[in-house]
Amino acid sequence: MDRKRFGIIQRPLLTEKTTRMQEAGNQYVFAVEPSANKHEIADAVQKLFGVKVESVRTQAHMGKVRRMGRFSGRRPDWKKAIVTLAEGESIEFYDTV
């Protein structure tokens with residue numbers, strides 16, 4: 001039950017582009033668990049922030065292979081979710097002083 005709320009949403013992605021998306025289209029972007037589907041993401045956002053979700057779009061990002069000298073490694077795969085909220089709803093990630 002705890003995975004439903006806190007394990008799916010890993011962190012919000014706060015960049016210049018996502019800030020414009022929040023202002024223009026009431027869309028919020030999160031890094032989410034790669035195995036989560038759209039219904040689980042919408043349910044987690046609604047329960048965690050207490051808002052009504054209209055739609056969810058997802059993007060799967062493959063991890064890159066990186067080298068340090070002769071050693072190679074791989075960054076983890078991750079998933080991005082773009083969540084559109086209902087009209088009049090908003091999420092506050094930080095307070096302004």
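See the structure printed just above.
Computed from a predicted structure; not experimentally measured.

Asker: Which residues make up the packing of aromatic side chains, and what values do they have?
Answerer: Under the counting rule described, the total for this entry stands at one aromatic pair. Seen in terms of ring centroids, phenylalanine 30 and phenylalanine 49 are 5.8 Å apart; in terms of plane orientation they differ by 25°. Their pairing is stacked. Highlighted residues: phenylalanine 30 in strand β2 (residues 27–32) and phenylalanine 49 in helix α3 (residues 38–49), separated in sequence by 19 residues. With relative accessibility at 0%, the residue phenylalanine 30 sits in the buried group. A relative accessible area of 31% places phenylalanine 49 in the partly exposed class.

Asker: Which residues make up the pattern of salt bridges, and what values do they have?
Answerer: Taken as a whole and assessed by the stated rule, the structure comprises two salt bridges. The partner of aspartate 43 in a salt bridge is lysine 47, with the nearest N and O atoms 3.4 Å apart. One end of the pair is aspartate 43 and the other is lysine 47, both in helix α3 and four residues apart, which spans about a single turn. Take lysine 47: its relative accessible area is 42%, and that puts it in the partly exposed class. The salt bridge partner of aspartate 77 is arginine 74, with a shortest N-O separation of 3.3 Å. For arginine 74, a relative accessible area of 48% gives the class partly exposed.

Asker: Would you mind going over the pairing of strand β4 (residues 65–68) in detail, with residue names and values included?
Answerer: Relative to strand β5 (residues 71–74), β4 runs antiparallel, the two sharing four bridges. Bridged to methionine 68 within β5 is phenylalanine 71. Where β4 folds back onto β5 in an antiparallel hairpin, the turn is made up of two residues, including glycine 69, whose phi is positive at roughly 70°.

Asker: Quick one: what's the story with the nonpolar core, residue by residue and with numbers?
Answerer: With 17 residues, the main nonpolar core has Phe30, Ile41, Val45 and Val83 as its most contacted residues. Among the secondary structure elements, those contributing two or more residues to this core are β2, α3, β3 (53–61) and β6 (78–85). No other element matches α3, which puts four residues into this core. Other than its neighbours up to four places away in sequence, phenylalanine 30 contacts Ile9, Arg11, Pro12, Leu13, Val45, Phe49, Lys79, Lys80, Ala81, Val83, Ile91 and Phe93.

Asker: Go over helix α2 (residues 16–25), please, and point to the residues and values.
Answerer: Of all the residues in α2, the buried ones are Thr18, Met21 and Gln22. The buried residues of α2 occupy an angular sector of 100° when the element is viewed end-on, so they sit on one face. In α2, those exposed residues whose orientation departs by more than 90 degrees from the buried face are Glu16, Lys17, Arg20, Glu23 and Ala24. The inward-facing, buried residues of α2 contact β2, β3 and β6. Just past α2, the residue asparagine 26 takes up positive phi, approximately 55°.

Cut-offs applied
- Residues numbered from 1 in each chain as written.
- Predicted model: local features only at pLDDT ≥ 70, side-chain atom pairs only at ≥ 80, totals over all residues.
- Heavy atoms only, no water.
- Phe/Tyr/Trp six-rings, centres within 6.5 Å; stacked < 30°, edge-to-face > 60°.
- Helix = DSSP H or I, 4+ residues; strand = E, 2+ residues; numbered from the N terminus.
- Buried < 20%, exposed > 50% of the residue type's maximum accessible area, 1.4 Å probe, protein only.
- Salt bridge = Lys/Arg side-chain N within 4 Å of Asp/Glu carboxyl O.
- Pairing = 2+ DSSP bridges.
- Core = buried A, V, L, I, M, F, W, Y, C linked by side-chain atoms within 4.5 Å.
- Contact = heavy atoms within 4.5 Å.
- Arc of directions from axis to C-beta.

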